[in-house]
Every structure is written in structure tokens, then in C-alpha cells.
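# A look at the structure
One letter stands for each residue in the lines below.
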Amino acid sequence: MTDPELPRLVLPGDYLGAAEEFLPGRGTYEYGGRIYASLLGAPSIDPGDRTVRVEPRNGIPEVQEGDLVYARVDELKTAMAVCTVLGTSTSRRAVPGAPEGTVHISKAKDGYTETLAGEFAVGDVLVARVLQAHPGIKLSTAQAPLGVVAARCQLCHALLTLGAKEAVCPRCGHREQRKFAKGPLPPPSGAHGPDGR
Ligand SMILES: [Zn+2]
């Protein structure tokens, strides 16, 4: 069980609570009547005996199921777009380690997608929802507000002016199709602390 007063992620040395209120459990230490995290992880309090513990989260990127993320398309394969997750929409910080995320062809848009090359291009920046965070990050751009938010002309590399269905290159006039993001972003469905972590 997660205590709503605790942050979702703590660093070694973060204060967790007073030793008179809680018992130090795994992943914590007591010093001077105060309990601190001894590792990077997710803290929780056992409601039965008030033991506070920290579950290690070493090396796992801070991306959660339900998050909205920005991702750059690196490669288009037959069945998926391979992306780098750049950051989450709720926290302006970059995601540590720039983890890889994939959009399966069935999750690119609502309905049937014949080829991913008709929806995305390498270098596009997407806003996408995290369907699965572990072990691999799986993304979806199916909802209307999700999809391509920044794209470059495939001919001259200028930043495209995005329209509703088509983008037009302001430099060379080339028209391109994408699965564009439309409308305001929905709220992330994951639970986030007030600091956006
Ligand atoms: Zn152009």
C-alpha cells in the first residue's frame, strides 16, 4: 500500500518520517530519531505495523503506465515505430537514460493502419500515452489529441506547418501526411504527486 503523503520516488538520504511514528524497514535507515531512504526507490508504509520501506528502482526510467510522453521517432519498421522517450508531459525534466519506446502499428491511430510510413516519419516528435512501462515502453498515439506534434519536410528538412490532415512545407511547398495530434492534451491517467513526479 502506498501512503499518499509519501512521494512516489525517493533518493538515498530523503527523509521519510520520525522514528517514533514509523519503524525503519528494508531500504531505509534510522539516524537521530529520523528515518531516511537508503536507496533510490518507491517508498511505502505497512498499515499494519507502520513499517516504512523503500522498494529499489535502480535503473528503471521514471515513466509510468498512463503517462503522456514526448518521443522522437528514430526508425520505422513494418510493425512498429521505434522511438526515444524524451520526457513526460507532466514534468519538464528529461526522462533519465532516454529510454526506447515503441508504437505498434495497431496503436498508431484508431482504425486500420496500412503502413506506418503514412503516419510518422523519422525525426518526428510525438506525444503518446504509455500503455506499458516495463519491461519495454509501449506507446499509443491512437487518441485524437495524441500523435505528431513536430515534423520536418522530407525533401528540404524545414519544420512543417501542421494542418488538420496535412502538413505543408513553408519553404518548398511539399505536402505531407501524418497522424497529427489534434486538440488539447488529455490529463495523464497515472497518479502523479503535486511535484509532477
Ligand atoms: Zn520542404
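Across the protein chain, the average pLDDT comes to 85, with 87% of residues at 70 or higher. Within the model, pLDDT remains below 50 along residues 190-197, and this stretch shows 14 contacts once partners closer than five positions in the same chain are excluded.

Quick look at the coordination of the zinc ion now. Those protein atoms acting as donors to the zinc ion are C153 (SG), C156 (SG), C169 (SG) and C172 (SG), and they sit at 2.3 Å. Classification of the site at the zinc ion as tetrahedral follows from its four donor atoms and the range of 97 to 120° in their angles at the metal. Each donor residue of the zinc ion lies on the same chain, and together they follow the pattern C-x2-C-x12-C-x2-C. In this pair, C153 sits in the loop between strand 12 (147-150) and strand 13 (161-162) while C169 sits in the loop between strand 14 (166-168) and strand 15 (175-177), placing the two residues 16 residues apart along the sequence. The exposure class assigned to C169 is buried, which follows from its relative accessible area of 3%.

What follows is about the side chain of R178. Secondary-structure assignment places R178 in the segment after strand 15. A polar contact of 3.4 Å, which involves the side chain of R178, links it to the backbone oxygen of R152. Excluding residues that lie within four positions of it along the chain, R178 makes contacts with G118, E119, F120, A121, D124, V148, A151, R152, Q154, L160 and K165.

The next subject is the packing of aromatic side chains. Using the criterion set out here, one finds two aromatic pairs in the structure. The interplanar angle of 65° and the centroid separation of 6.0 Å between the aromatic rings of Y15 and Y36 together place this pair among those described as edge-to-face. In this pair, Y15 is assigned in strand 1 (residues 15-18) and Y36 in strand 4 (residues 34-37), connecting sequence segments 21 residues apart. Measuring from centroid to centroid gives 5.5 Å for Y29 and Y36, while their planes differ by 25°, and the two rings are stacked. The exposure class of Y29 is partly exposed, given its relative accessible area of 37%. Here the aromatic cluster, defined as three or more aromatic residues joined through ring pairs, consists of Y15, Y29 and Y36.

Reading the values: rules and limits
Residues numbered from 1 in each chain as written. Predicted model: local features only at pLDDT ≥ 70, side-chain atom pairs only at ≥ 80, totals over all residues. Heavy atoms only, no water. pLDDT = per-residue confidence, 0-100. Contact = heavy atoms within 4.5 Å. Donors = N, O, S within 2.8 Å, 3.2 Å for Na, K, Ca; no water. Tetrahedral: all angles 85-135°; square planar, octahedral: opposite > 155°, others 65-115°. Helix = DSSP H or I, 4+ residues; strand = E, 2+ residues; numbered from the N terminus. Buried < 20%, exposed > 50% of the residue type's maximum accessible area, 1.4 Å probe, protein only. Polar contact = N/O pair within 3.5 Å; in protein donor to acceptor, adjacent residues only side chain to side chain. Phe/Tyr/Trp six-rings, centres within 6.5 Å; stacked < 30°, edge-to-face > 60°.

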